[in-house]
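Spelled out from the first residue to the last, the chains are:
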Amino acid sequence: QVQLVESGGGLVQAGGSLRLSCAASRNIFSLTVMGWYRQAPGKQRELVARISSGGGTNYADAVKGRFTISRDNAKNTVYLQMISLKPEDTAVYYCNAQNAWGVNFWGQGTQVTVSS
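Residues numbered from 1 in each chain as written. Predicted model: local features only at pLDDT ≥ 70, side-chain atom pairs only at ≥ 80, totals over all residues. Heavy atoms only, no water.

(A) Highlighting the overall build of the protein chain. Counting secondary structure elements, the protein chain contains zero helices and 11 strands. In sequence order, the secondary structure elements of the protein chain are arranged as β-β-β-β-β-β-β-β-β-β-β. For 116 residues, the compact-globule estimate of 2.2 N^0.38 gives 13 Å, and the protein chain sits close to it at 13 Å. Overall, the protein chain is about 40 × 25 × 25 Å in size when its C-alpha atoms are taken along their principal axes. (Helix = DSSP H or I, 4+ residues; strand = E, 2+ residues; numbered from the N terminus. Rg over C-alpha atoms; globule rule 2.2 N^0.38 Å.)

(B) Expanded view of the sheet that holds strand β3 (residues 18-24). Spatially, β1-β3-β8-β7 is the arrangement adopted by the four strands of the open sheet, whose pairing is antiparallel. Edge positions in the sheet fall to β1 (4-7) and β7 (67-72), since each of these pairs with one other strand and no more. Mean inter-strand twist for the sheet, computed between neighbouring axes without regard to direction, equals 15 degrees. Looking at chain direction, β3 and strand β8 (residues 77-82) are connected through six bridges and run antiparallel. Residue leucine 20 lies in a different strand from β8, and its bridge partner there is leucine 80. (Pairing = 2+ DSSP bridges. Axes fitted to C-alpha atoms, helices over the stretch in contact; angles between N-to-C directions.)

What follows is the structure in structure tokens.
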């Protein structure tokens, strides 16, 4: 088991930046994939970005070039740096982790609101 706690969400104007953090309750070295998902009102949860234990990354087309995911194994933390934010980025952002057996863990979510 691992608990994930997100932080860093908030209200920002379009064009602004935010950095989300996801702190894990234990060592994340063994977690094969960690990522960020988001869910806007009335929409399904969607993948934003993910990073493997080896450092490989994937991004949704909508955020490529604006968002950067990174992980700090020493701090058991995953980050999502977001720049050039748009109103359509408004959503609840969830941290996700997957272990070697394919079991998924989720954080409680953090709200990101981008005003136009």
